[in-house]
Amino acid sequence: MSGSLLIDLIVFGFTGLGIFLTLIRFLLGPTSFERLVAVDMMNVIFIGVLVMIAYIFKNNMYMDIALLYGLLTFIETLVFARYLENRAAKTADGDKR
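What comes next is a walk through the structure. Along each chain, residues carry numbers from 1 onward, in the same order as the chain's sequence is written. Given that the model is predicted, a residue must reach a pLDDT of at least 70 before its local features are reported, and side-chain atom pairs must reach 80 or more before they are shown or counted; all residues, however, enter totals for whole chains, interfaces and linings. Excluded from the side-chain calculations are hydrogens and water; all other atoms, namely the structure's heavy atoms, are used.

Here a Phe, Tyr or Trp ring, Trp counted by its six-membered ring, pairs with any other such ring whose centre lies within 6.5 Å, and the pair is stacked when the planes are under 30 degrees apart, edge-to-face when over 60, and tilted otherwise. One pass over the full model with this rule turns up two aromatic pairs. With a centroid separation of 5.3 Å and an interplanar angle of 75 degrees, the aromatic rings of F46 and Y69 are classed as edge-to-face. In this pair, F46 is assigned in helix 2 (residues 32–57) and Y69 in helix 3 (residues 61–96), connecting sequence segments 23 residues apart. Accessibility expressed as a relative area gives 37% for F46, which makes it partly exposed. A relative accessible area of 28% places Y69 in the partly exposed class. Helix and strand definitions here come from DSSP, where helices need a minimum of 4 consecutive H or I residues and strands a minimum of 2 consecutive E residues; each element is numbered from the N-terminal end. Burial here depends on accessible area, computed with a 1.4 Å probe over protein chains only, as a share of the maximum for the residue type. Under 20% is buried, over 50% is exposed, and the range in between is partly exposed.

A word on the pattern of salt bridges. One side-chain nitrogen of Lys or Arg within 4 Å of one carboxyl oxygen of Asp or Glu is enough to make a salt bridge. Applying the stated criterion to the full structure yields two salt bridges. When the shortest N-O distance is used, the salt bridge between R25 and E34 registers 3.1 Å. Ionic pairing is found between E85 and R82, a salt bridge with its closest N-O pair at 3.9 Å. Taken together, the residues span about one helical turn, with E85 and R82 both in helix 3 at a distance of three residues.

Take helix 2 next. Side chains three or four residues apart in an α-helix point the same way, a direct result of the helix having 3.6 residues per turn. The span expected for a helix works out to 1.5 Å for each residue beyond the first. Taking 1.5 Å as the rise per residue, helix 2 with 26 residues should run 38 Å; its terminal C-alpha atoms sit 37 Å apart, in good agreement. L36, A38, V39, M42, N43, I45, I47, V49, L50 and A54 are the residues of helix 2 that are buried.

Now for a nonpolar patch on the surface. Together, L6, I10, F14, L17, F20, L21, L23, I24, F26, L27 and L28 give the surface a local cluster of nonpolar side chains, amounting to about 1100 Å² of exposed area. Along the polypeptide, L6 turns up in helix 1 (residues 3–28). Exposure remark for L6: the relative accessible area of 41% places this residue in the partly exposed category. Here a patch means residues that are over 30% exposed by relative accessible area and free of salt bridges, tied together within 9 Å if like-charged and within 5 Å if nonpolar (Val, Leu, Ile, Met, Phe, Trp, Tyr). Here the open area of atoms and residues is found with the Shrake-Rupley method and a 1.4 Å probe, where only the protein chains shown may cover a residue.

Before going further, it helps to spend a moment on helix 1. Along its 26 residues, helix 1 runs 38 Å from first to last C-alpha, staying within 8% of the 38 Å computed at 1.5 Å per residue. The complete set of buried residues in helix 1 reads T15, G18 and T22. Whether two residues touch is decided by their heavy atoms; if any such pair falls within 4.5 Å, the residues are in contact. Where helix 1 is buried, its residues contact helix 2.

Next up, the structure:
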C-alpha cells in the first residue's frame, strides 16, 4: 500500500466521520436552525469530497460540479434561513397578542 493511498483513505475516513456526525446533529437537533446548520455543513463536506475526487482523478469536471453545487447550496441556505426567520417572527407576533 503506497503512502498516497493510505493518506487518501485516512482523509476519506475522517470525511465520512464528519458526515456521520453532522447527520446525527441533523436528526437530533432540537431546533430548526441547528438542523439548517447541519445540512449546510453536510453540503460543505460534500463539496470538499468533490474537490478531492477532482484532484485524485485529475478531472476538472468535478470542480465545475463542486462550484455549481456550492452556489446552489448557498441559495438553499439563504431561502431556508429566510423561511425560518419569518416563521419565528410570526410565532413571536402571535405570542404578543
